Amino acid sequence: MEGKEGHFTFAPEGETGTCYVYEGPVRLWHWINAGSIVVLAATGLLIAHPFPSVMGEASHHFLMGDVRFVHFVAAWLFGGGFLVRLLWSLVGNEYSRELFHLPLGDGAWWSSLAYEIRWNLFLEKRARKYYGHNPLAQLAMFIFFVLGSVFLILTGGALYAEGLGEGSWADHLFGWLTPLVGQPQDLRTLHHLGMWFILVFVVGHIYMAIREDIVGRQTSVSTMVGGFRIFRK
Amino acid sequence: MSVYETQGFRLDNSGRRVVVDPVTRIEGHLRCEVNIDSNNVIRNAVSSGTMWRGIETILKGRDPRDAWAFTQRICGVCTGVHALVSVRTVEDALGIRIPENANIIRNLMHATLYAQDHLVHFYHLHAMDWVDVPDALKADPRETSAIAQKISRWPNSSPGYFRDVQNRLKKFVESGQLGPFANGYWGNASYRLPSAVNLLAVTHYLEALDFQKDIVKIQTIFGGKNPHPNWLVGGVPCAINIDGDLAAGAPLNMERLNFVSEIIDRTIAFIDQVYIPDLIAIASFYKDWLYGSGLSGKNVLAYGEFPDRANNYHPDNLLLPRGAIVDGNLSEVHPVDLRNPEEIKEYVVHSWYRYPDETKGLHPWDGVTDPHYVLGKNAKGTPTNIQELDEEGKYSFIKAPRWNGHAMEVGPLARWIVGYVSKKSEFKEPVDDLLGKLGLPVSALFSTLGRTAARGLEASWAAHKMRYFHDRLMANIRGGDTSTANTEKWEPSTWPRECKGVGFGEAPRGALAHWIRIRQEKIDNYQAVVPTTWNASPRDPKGQIGAYEAALLNTPLSNPKEPLEILRTLHSFDPCLACSTH
Amino acid sequence: MSETVYEVMRSQGITRRSFLKFCSVMAAGLSLGPAYVYDIARALETRPRVPVLWLHGLECTCCSESFIRSSHPLAKDVVLSMISLDYDDTLMAAAGFQAEACIEDIMKKYPNEYILAVEGNPPLNEDGMYCIVGGKPFLEQLKHVASKAKAVIAWGSCASWGCVQAAKPNPTQATPIHKVLPDHQVIKIPGCPPIAEVMTGVITYITAFGRLPELDREGRPKMFYSQRIHDKCYRRPNFDAGQYVEHWDDEGARKGYCLYKVGCKGPVTYNACSTTGWNNGVSFPIKSGHGCIGCSEKDFWDKGPFYKHLSNLTGFGVEADADELGLIALGAAGAGVAAHAALTEIRKPGKEDKEASSGESGHK
Ligand code: HEM
Ligand code: HEM
Ligand code: NFV
Ligand code: SF4
Ligand code: SF4
Ligand code: F3S
Ligand SMILES: [Mg+2]
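I will try to describe carefully the structure that is included in this document. Only a predicted model underlies this, so the values are computations on that prediction, with no experimental measurement involved.

## A word on the coordination of the nickel atom of ligand 3
Then comes step 1: Protein-derived coordination of the nickel atom of ligand 3 comes from B:Cys75 (SG), B:Cys78 (SG), B:Cys576 (SG) and B:Cys579 (SG), at a distance range of 2.2 to 2.8 Å.
Then comes step 2: In the primary structure, the donors to the nickel atom of ligand 3 are separated according to the pattern C-x2-C-x497-C-x2-C.

The structure is reproduced here in structure tokens:
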């Protein structure tokens, strides 16, 4: 089945077929992205709270340097991936756009959102079926993930600019942010808070994805693996 | 119009009012008003601190381990002393003991401040009250050279040397751009130095300006920068590593210690060969200008300073003396207890603050800093354009501290009087020696000039103590002790839920103490009572005047349009207004 | 007649050759190529000393104290030969109305030619009367002198950012000067205090070239403020290696390891300490074993505590750092998920009722 462009759709109650939702690039991106976030959070925390000191000559070690390097590699993957994913939404299928575009003017979307909230509060008896994201997931992804990612990329970029120095490409691209948020230490605090913001999403997101597989009437995790959504009775 | 007597002074504000604002060559914003009689003699004096920043308020709720940095910014002139007293305060509250080396290094840093601050005060803040700068152009450099060589073995003393300086000064004056010397009171009848001595002083003004920056490098070595070096609750941040692995990268190693030692030698030489001889030479021309006694012959207070051994703040262990003298009774030195709720109290009846009951004073542990700017009803002008203050109302951002109800003078002179009457030869001999050279009686000490002289003697004393402490530090390290910090109680989890403490010291300008209350790891109340708070104090509920006001009384002005004598006496206290109000 | 800097220097017995040498040292000190030597020389030969009016607001005077510590050039030479320090209440001979007259003289004689240097800042509370000069609010004096200034320099963190008296709750409403002088480009020389040679370096740049130094986004001269302490810190190899001072006076402290874990703010602080050094390069905070507290950064007093990497955030009546807040949020999310999972297990939604509850399709 195909939804119509520009209109929010959910699957009919009786739907039992399959639907191709996530194209290859989206799936690949999703898992790379998930991995990079885990690495970023781990290395980020190690940057803030480094390993116990190693002794001896400085020239014999590069522990913090490595941790930071891994953070930056993952940051490139994450930031670059985000950009690629954004571009893909221009050429990919309808579902690839859902992440970046909330159909706020669409009454059906809002009522489905209300339905999903009731469903998650155990006020509805049956799960609704969706070809793409359910509106609650979509909203959460937009607020926590899309905005959170932009925030982390900007603040991370501005932090990176501090390292590369004034006049660097990163400074031109992100340097303006620092006086806007206050000063460099504020940047750090905000980048740090951004991490927790995303991690809160990750916990809820993974739970919901797995739960949907179990109690929803459609596949979820396997959809993100194979691309197809299979609806159950 | 009012006339009354207090502390043996007669105050009469009926005469012509003379206002000096800004008082310059001090730290911060001080306003002074006096009334002069028909003979141009000061009959009433009003000292007003005209700035307030609220550091005590800002400290509330913060980490006590950070307090030193905030309080340090109370003043950049006596830089470090508030930080030192602050770490002592927190250590007292938390029961932290510091290593011997930390105590020595703190003493070294503090003595460094004494030497530099006193030197700068004498040459750069005070000298122009006694030295007529343009008059130095009239001097014969050969004569200056002869005087210089007679009074000191300081090597920069050739006629050519003084001629070069004179030429530089000449070109400067001829440029028409007089800079900081513009509008000075040059030619005023109160200047008494011969031209040759004026040239000597001007030359040393420049030389001291060059040298003072070297003295403070000791603070830079231990604390990383000056002004405002770094301190640490529990010790000092500069770890020692003499010959271990990577000693070259350590904050303190052999090279650093030698650096300090070399500066100490030069400091001793400069103070003993330039400052002290100049002081005596200049004073010898002002021997009969013995005004400005004020409270110095009546009530003086010193807390004591430079703990010889770490963690012992008993007077016996303090190299500078502790005690109070009241009502001019020099034969009795009273003990001072900073914890006694009855001894030290601050009043605000004439200060721009509010208390629930302003007839009473508050001990600093229970101190309140609640600003309240209002002018007295007889003030002239408007609240934002003051013409004349009304000393019967509130008139200063400085609180009025009192010791057992008395207004006290603090500072080098107070310390040296307490030391002198305690018959400690360390203090008595230099004073007697100086008085002997000038042919003056002991009573001459109680004067503007006495204040200035005591500061000079103390600068020399401090410089020699730097040598003493450096030797002690070397001996400790030789004995294998390289410890600089105690971190047992660094973590707030080791602190009591509630505690209070007091730390004290002698700042260059006098007795200084901070009081703290800590609750649940945070500062609950923080109060500082500062040397200039004592000296520049406004009146209290009984109408008692502070040291500045007292010292100005009965001084004749040679020209009421030129407040030279007022500056002279105020400067002898080395006013610091940022300190006084904080 | 006003003399030029060159004439003043010549008259002090400085030869033409050593004058040119001075110019080249200055060019090198300002990181300028040899081509600039003659620019500097020409500038010094033809200009009278620039009048400087140095005002004091709410502050601790440590910026002045720092200034007089300058080694190259010597403060003495700056005051005698490079500028004309026509007002500075900490150093000037005159007091009271004679002092105030100095200001008026210069404003009349050199309109739009003098430099206004400000140490400290104006409080706005109580109609400005938390800082009174000559019976009036300092704010008034500041605006008055700024009105005809050619350039305005903000000395130190007080004038640049507000500094200690502007720390929360800023009882006097102390305000950085650029906020009350909106029509002026303010050159900020932050630091608590700034490094002496940075202060005199900026002054000599202006007097020598007759123009203002290039400024960054925040209005700080790029020549001294474009790098962080961390970027040129000699302990950076220890940072990269993972070698830290864990506690005061530990093995790492004695070996000069990185101070990151005891709260060093070098990675978030723009200043020249790790390059220029303090007091003629003798040391700088880190070299003497204490972390940087960030004293040249905006509102650094409220980014503490000083001995922790993360700032404490206050609000909602609690005080915690980003990690403490984040862990609480994450814990709450985890607990919510666990509770929801448990309820899901108990209620088994969607299992008991197979009937359609919302039959129609969403197609429109
Ligand atoms: C750091 C971790 C992760 C992040 C940031 C993340 C982020 C996202 C995002 C942004 C999407 C939307 C994809 C799109 O529309 O293009 C998504 C979808 C999805 N993710 Fe993740 N993901 C993470 C980890 C996981 C994990 C571990 C699983 C599986 C256990 C998972 C399962 C899913 C599923 C099933 C969907 C599709 C949901 C739907 O269609 O409504 N994700 N994820
Ligand atoms: C999910 C995404 C990200 C997370 C969770 C994350 C997390 C963190 C954390 C916790 C820190 C430590 C901050 C501190 O010192 O207190 C950090 C530092 C940093 N992050 Fe990220 N970050 C992310 C993305 C990025 C991105 C996209 C960039 C862009 C280049 C970036 C660049 C940096 C930089 C430059 C630092 C400072 C490193 C240093 O000072 O040594 N981060 N990050
Ligand atoms: N009064 C005072 Fe200070 C001193 N000495 C401090 O305690 O100057 Ni700023
Ligand atoms: S910037 Fe800091 S050092 Fe300078 S005056 Fe202000 S408080 Fe003092
Ligand atoms: S000591 Fe501070 S500035 Fe130096 S490398 Fe470590 S964190 Fe950076
Ligand atoms: S505290 Fe200040 S002095 Fe330099 S190293 Fe940091 S900026
Ligand atoms: Mg107080």
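Anyway, onward from the coordinates.
## Observations regarding the coordination of the iron atom of ligand 1
All names here are of chain A.
Then comes step 1: Around the iron atom of ligand 1, the donor atoms from the protein are His30 (NE2) and His205 (NE2), and they sit 1.9 to 2.0 Å away.
Then comes step 2: Its six donor atoms give the iron atom of ligand 1 angles of 86 to 179° at the centre, a pattern that matches the octahedral case. In this pair, His30 sits in helix α1 (residues 24–48) while His205 sits in helix α8 (residues 184–215), placing the two residues 175 residues apart along the sequence.

## Some points on the environment of B:Ala69
Then comes step 1: Residue placement: B:Ala69 occurs in helix α2 (residues 67–72).
Then comes step 2: Note on B:Ala69: relative accessible area 0%, which makes it buried.
Then comes step 3: In this structure, the C-alpha to C-alpha distance between B:Ala69 and B:Asn329, residues 260 residues apart in sequence, is 40 Å.
Then comes step 4: Setting aside residues up to four positions removed in sequence, B:Ala69 forms contacts with C:Ile293, C:Trp301 and C:Phe306.

## Section: the packing of helix α7 (residues 195–215) of chain B against helix α9 (residues 254–283) of chain B
All names here are of chain B.
Then comes step 1: Axis separation between α7 and α9 bottoms out at 11 Å; the angle between their running directions is 155°. Taken together, the axes of α7 and α9 lie roughly antiparallel to each other. The crossing of α7 and α9 is left-handed. Across from Val197, Leu200, Ala201, His204, Glu207, Ala208, Phe211, Asp214 and Ile215 in α7, the residues of α9 making contact are Ile263, Arg266, Thr267, Phe270, Val274, Asp278 and Ile282.
Then comes step 2: Here the residues of the contact of α7 with α9 sort into 10 nonpolar, two polar and four charged.

## Structural notes on the site of ligand 1
Residues and elements named next belong to chain A.
Then comes step 1: Lining the immediate environment of ligand 1, one finds 22 residues, of which Tyr22, His30, Arg85, His133 and His205 sit closest.
Then comes step 2: At 2.7 Å from a nitrogen atom of ligand 1 is found a side-chain nitrogen or oxygen belonging to His30.
Then comes step 3: Separating an oxygen atom of ligand 1 from a side-chain N or O atom of His133 is a distance of 2.6 Å.
Then comes step 4: Of all the secondary structure elements, the ones that give two or more residues to the shell around ligand 1 are α1, α5 (135–164), α8 and α9 (221–226).

## Let's talk about the site of ligand 2
Then comes step 1: Lining the immediate environment of ligand 2, one finds 23 residues, of which A:Arg68, A:His71, A:Arg188, A:His191 and A:His192 sit closest.
Then comes step 2: Surrounding ligand 2 are residues belonging to chains A and C, so the site spans chains.
Then comes step 3: Measuring from an oxygen atom of ligand 2, one finds a side-chain N or O atom of A:Arg188 at 2.5 Å.
Then comes step 4: At a separation of 2.9 Å, an oxygen atom of ligand 2 approaches a polar side-chain atom of C:His309.
Then comes step 5: The set of elements that each furnish at least two residues to the shell around ligand 2 consists of α1, α2 (63–91), α5 and α8 of chain A.
Then comes step 6: Class assignment for the residues of the shell around ligand 2 results in 14 nonpolar, seven polar and two charged.

## What about the sheet that holds strand β6 (residues 151–155) of chain C?
Residue and element names in this part refer to chain C.
Then comes step 1: Taken together, five strands build an open sheet; the order of strands is β2-β1-β3-β6-β7 and the sheet is parallel. For this open sheet the edge positions go to β2 (83–88) and β7 (186–189), each flanked by a neighbour on one side alone. Strand-to-strand twist of the sheet, defined as the mean angle between neighbouring strand axes without regard to direction, takes the value 25°.
Then comes step 2: Sheet topology note: the strand β1 (residues 50–56)/strand β3 (residues 115–119) ladder contains five bridges and is parallel. By the bridge assignment for β3, His56 is matched with Glu119.

## Some words on the interface of chain B and chain C
Then comes step 1: Facing the 99 residues of chain B at the interface are 95 residues of chain C.
Then comes step 2: In this assembly, chain B packs against chain C so that about 8,200 Å² is buried in total across both faces, 58% of it on carbon and sulfur atoms.
Then comes step 3: Remark: the boundary between chain B and chain C carries four salt bridges.
Then comes step 4: The closest approach of N and O atoms between B:Asp210 and C:Lys76, which form a salt bridge, is 2.7 Å.
Then comes step 5: On inspection of chain B and its partner chain C, the count reaches 48 residue pairs in polar contact (both at pLDDT 80 or more).
Then comes step 6: Of all the secondary structure elements, the ones that give two or more residues to the side of chain B that touches chain C are α1 (55–59), α2, α4 (100–126), α6 (159–174), α7, α8 (217–223), α9 and β12 (385–388) of chain B.
Then comes step 7: In terms of residue class, the side of chain B that touches chain C is built from 48 nonpolar, 29 polar and 22 charged.

Reading the values: rules and limits
Residues numbered from 1 in each chain as written. Chains lettered and ligands numbered in written order. Predicted model: local features only at pLDDT ≥ 70, side-chain atom pairs only at ≥ 80, totals over all residues. Heavy atoms only, no water. Donors = N, O, S within 2.8 Å, 3.2 Å for Na, K, Ca; no water. Tetrahedral: all angles 85-135°; square planar, octahedral: opposite > 155°, others 65-115°. Helix = DSSP H or I, 4+ residues; strand = E, 2+ residues; numbered from the N terminus. Buried < 20%, exposed > 50% of the residue type's maximum accessible area, 1.4 Å probe, protein only. Contact = heavy atoms within 4.5 Å. Axes fitted to C-alpha atoms, helices over the stretch in contact; angles between N-to-C directions. Parallel < 35°, antiparallel > 145°, perpendicular 65-115°, else oblique. Left-handed = near helix turned anticlockwise from the far one by under 90°. Nonpolar A, V, L, I, M, F, W, Y, C, P; charged D, E, K, R; others polar. Near = heavy atom within 4 Å. Polar contact = N/O pair within 3.5 Å; in protein donor to acceptor, adjacent residues only side chain to side chain. Pairing = 2+ DSSP bridges. Buried area = accessible area lost by both parts, 1.4 Å probe. Salt bridge = Lys/Arg side-chain N within 4 Å of Asp/Glu carboxyl O.

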